[in-house]
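Tertiary structure, described
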Amino acid sequence: MPGTNIKRRRGYYNLLVALSLLVVILSFSPMLLVKNKINPTFLNMPFALWTNILATLILVFFTFLGGRLRGDKGDFSSDN
Amino acid sequence: MQKWLLILGLSYLGILVFLSWYSQRKVKSQEDFIMAGSKLGLILGFMTFSATLFSAFTLMGMPDFSRVHGVGAWMFLAFSDGGMVFLILWFGYLLRKKVANIEFKGMSSLLQQIYGIKWAGYLYFFAIFIFLVPYVAIQIRGVATFLELGFGSLQIPAWLWSLGIVGFVLLYSSAGGLKAIVYADFVQGTSLLIIVWIIGVACLQNMGGWTEMFNQIAVKNEALLSIPGPKGLLTSPFLIGSFIAIMMIPVTQPQLSTRLVIMKDIKAMNKMAVAVGFFAMLVIFPTLLIGFYGAINYPDATAAEFIGNALIKDQTPVVGALAVIGLFAAAMSTADSQLFALGNELRGLLSEKARKSLITIRLAVLGFAASALIFSLFSSDQLVLLARVSFAGTAMTGPLILLGLITNKPQGSFMVWLTALGILTFLLAQANILPIKVGGLGIDLWLFIILGLAAFANYLVMKTKG
């Protein structure tokens, strides 16, 4: 059922877009973007650095997943 | 060091000359010259995109930016690049779909076709000219000033260094076209990545290692370890404005949107986006190390003094020579693509007859190079902040472009004129005629919000009408 497959892929992709937006919003929210906050550290990195490196890694990983979901033609139609 | 510089510099220039000659041989048509044959695979595609994106701004600007503003520099650039590569999946698909059945003659020409209004193309061209030429200029200026200071004994003034950089860019880009630029980008991107890591690791060792680096920064200036940084620049509005401006670069800057079009297929383009995301992290991380090294050892130096010491004087002769080559490479890899893209955009606006001759694009590139060269004599050395103005300025055209791409229905002229007003407002704010901040938010962020909402409203209205 190619139609169902496309619908499913599109649904997952939309979920991925929503999650990416969530990562961006959280990164700019007072929860993560806290003035003068250094702790907790991770591998000696201050809070603002390691949380942002993590957020960037997540966005790049989402880009990888998004590319897979969109398929070879970008329109969710082809299998990888 | 001069011995190493001579050996490495001549080798580097020799490689560029060879690549230029090699690509000139391969150019069989206008399409080859202007669009590099439009069949770029993953490796060449991601290297040319990355080298065009990361420039002298990265190798000179980012270390200084993190030296002065601390760890928030990562969020300013790397996180924004993360958003940018995610956007490429969607935007690249839209753009390629739009131009699948027509000849892509640049974004200016495409906007004219989509909106059916000549002024849509002229406006886009005006925006990229007014914001990209200074961007090219500040990079040339940055590297030239650095070379003048670093090689004072040679008594070569900055303008002559600038002329040398521009001259070489013109030589290989006008000989081999976009293909030569793409090959050169491959060499330049690779050089940039290797050199920035060599210097970053050397700086890290000099600071006594990873843990000791953070300990020393905490002692020197603890504010560097958090946002908004010691000068209070990296606030939420500034970072959000930067995020939008940087994320929009592939949408609004022709040298990058062209690279999405010339990828072999969507599959290669999507993989390229992921690779660019990793490249961004890999290239930005060591610039932070260099910046932290500067924060510890040269907290009060000028940008040029710090870069001169950190990249050259404190390094071994061979690394210092590599740094100089890296700076040349970084400045050239962005300047060549931007000048060529400007030439191509102008060509797209010309008549069919004028468009058929490659002399047009060569003359246009020469003209833009001369403009950048003149501007470089007067620009300041605040690389990152001037680059941000350039990104934000071109980003004003983002909603106009996206609106045109997401629908096949005519969208009227409202957004064209509103974008013109937005660009004018932004320029007046930069000239301090209008306030740069309104209600605590930067004028750029206000304009992004207004133009974005207006484009969405325009879309809904036209959808209802249709």
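Quick note: structure is the one above.
All of the points below concern the structure found in this document. Given the structure is predicted, the values throughout are model-derived calculations rather than measurements. (Residues numbered from 1 in each chain as written. Chains lettered and ligands numbered in written order. Predicted model: local features only at pLDDT ≥ 70, side-chain atom pairs only at ≥ 80, totals over all residues. Heavy atoms only, no water.)

**Topic: the overall build of chain B**
Summing up its helical and strand segments, chain B has 21 helices and two strands in all. Relative to its length of 466 residues, chain B is compact, with a C-alpha radius of gyration of 22 Å against a globular reference of 23 Å. Counting the 466 residues in chain B, one finds 62% classified as buried. A separation of at least 24 residues holds for 82% of the contacts in chain B among residues at least 6 apart in sequence. Looking at chain B, you have 30 positive and 18 negative side-chain charges, and the mean spots of the two groups are 14 Å apart. (Helix = DSSP H or I, 4+ residues; strand = E, 2+ residues; numbered from the N terminus. Rg over C-alpha atoms; globule rule 2.2 N^0.38 Å. Buried < 20%, exposed > 50% of the residue type's maximum accessible area, 1.4 Å probe, protein only. Contact = heavy atoms within 4.5 Å. Lys, Arg positive; Asp, Glu negative; His and termini not counted. Charge placed at Lys NZ, Arg CZ, Asp CG, Glu CD.)

**With respect to helix H9 (residues 210-221) of chain B**
Residue and element names in this part refer to chain B. With 12 residues, H9 extends 17 Å from end C-alpha to end C-alpha; this agrees with the ideal 16 Å at 1.5 Å per step. Restricting attention to buried positions, one finds in H9 the residues Met213, Phe214 and Ile217. In an axial view of H9, the angular spread of the buried residues amounts to 90°, which keeps them on one side of the axis. (Expected span 1.5 Å × (residues − 1). Arc of directions from axis to C-beta.)

**Quick notes on the packing of aromatic side chains**
Residue and element names in this part refer to chain B. Taken as a whole and assessed by the stated rule, the structure comprises 28 aromatic pairs over all chains. Ring centres of Phe54 and Phe279 lie 5.9 Å apart, and the angle between their planes is 35°; this geometry places the pair in the tilted category. You can see Phe54 sitting in the loop between helix H3 (42-53) and helix H4 (56-69) and its partner Phe279 sitting in helix H13 (residues 266-297), a full 225 residues away along the chain. The exposure classification of Phe54 matches that of Phe279, with both residues buried. On the basis of an interplanar angle of 55° and a centroid distance of 5.6 Å, the ring pair of Phe129 and Phe368 is categorised as tilted. Placement of Phe129 in helix H7 (residues 118-150) and of Phe368 in helix H17 (residues 358-376) is noted, with a sequence separation of 239 residues between them. Since its relative accessible area comes to 28%, Phe129 is described here as partly exposed. Among the aromatic residues, ring-to-ring pairing joins Trp74, Trp197, Trp210, Phe214, Phe285 and Phe292 into one connected group. (Phe/Tyr/Trp six-rings, centres within 6.5 Å; stacked < 30°, edge-to-face > 60°.)

**Brief notes about the interface of chain B and chain A**
Interface size, as often reported, equals the accessible area lost upon joining of the parts. In this assembly, 34 residues from chain B lie in contact with 38 residues from chain A. Both faces combined, the contact of chain B with chain A buries some 3100 Å², and carbon together with sulfur accounts for 77% of it. Summed over the three residues of chain B that lose the most area to chain A, namely Phe79(B), Phe86(B) and Ile227(B), the buried surface amounts to 21% of that side. For the pair chain B and chain A, the interface holds zero salt bridges. Our count for the contact surface shared by chain B and chain A stands at six residue pairs in polar contact (both at pLDDT 80 or more). When residues of the side of chain B that touches chain A are traced back to their parent elements, those giving at least two are helix H5 (72-98), H9, helix H10 (236-247) and H13 of chain B. In terms of residue count, H5(B) provides more of the side of chain B that touches chain A than any other element does, 11 residues in total. For the side of chain B that touches chain A, the class distribution of residues is 25 nonpolar, seven polar and two charged. (Buried area = accessible area lost by both parts, 1.4 Å probe. Salt bridge = Lys/Arg side-chain N within 4 Å of Asp/Glu carboxyl O. Polar contact = N/O pair within 3.5 Å; in protein donor to acceptor, adjacent residues only side chain to side chain. Nonpolar A, V, L, I, M, F, W, Y, C, P; charged D, E, K, R; others polar.)

**Considerations on the nonpolar core**
Ranked by internal contacts, the top residues of the largest apolar core, which has 195 residues, are Phe76(B), Phe91(B) and Ile284(B). Residues within four places of Ile284(B) in sequence aside, it is in contact with Phe54(B), Met62(B), Trp74(B), Leu77(B), Ala78(B) and Asp81(B). (Core = buried A, V, L, I, M, F, W, Y, C linked by side-chain atoms within 4.5 Å.)

**Let's talk about the packing of helix H1 (residues 2-26) of chain B against helix H15 (residues 317-349) of chain B**
Residue and element names in this part refer to chain B. One way to put it is that H1 packs onto H15 with a least axis distance of 8 Å and a crossing angle of 30°. With respect to their mutual orientation, H1 and H15 come out roughly parallel. Here the hand of the crossing between H1 and H15 comes out right-handed. Here Trp4, Leu5, Leu8, Gly9, Tyr12 and Leu16 of H1 lie close against H15, whose contacting residues are Pro317, Val318, Ala321, Leu322, Val324, Ile325, Ala329 and Met332. (Axes fitted to C-alpha atoms, helices over the stretch in contact; angles between N-to-C directions. Parallel < 35°, antiparallel > 145°, perpendicular 65-115°, else oblique. Left-handed = near helix turned anticlockwise from the far one by under 90°.)

**Some thoughts on the pattern of salt bridges**
Residues and elements named next belong to chain B. In the structure shown here, the tally under the stated rule is three salt bridges over all chains. Put simply, Arg67 and Asp64 hold a salt bridge, and the shortest N to O gap is 2.8 Å. Placement of both Arg67 and Asp64 in helix H4 is noted, with a separation of three residues, approximately one turn of the helix. In this structure, Arg259 and Asp185 form a salt bridge, with 3.3 Å as the shortest nitrogen-oxygen distance. With Arg259 in helix H12 (residues 254-261) and Asp185 in helix H8 (residues 158-206), this pair connects stretches of sequence that are 74 residues apart. The class for Arg259 is buried, based on a relative accessible area of 2%. Judged by relative accessible area, which is 0%, Asp185 ranks as buried.

**Some thoughts on the packing of helix H2 (residues 47-70) of chain A against H5(B)**
With their axes 9 Å apart at the nearest point, H2(A) and H5(B) run at an angle of 10° to one another. With respect to H5(B), the element H2(A) is oriented roughly parallel. Contacts from Leu49(A), Asn52(A), Ile53(A), Ala55(A), Thr56(A), Leu59(A), Val60(A), Phe62(A), Thr63(A), Gly66(A), Gly67(A) and Arg70(A) of H2(A) reach H5(B) at Trp74(B), Met75(B), Ala78(B), Phe79(B), Gly82(B), Gly83(B), Val85(B), Phe86(B), Leu89(B), Trp90(B) and Tyr93(B). The class makeup of the residues in the contact of H2(A) with H5(B) is 15 nonpolar, seven polar and one charged.

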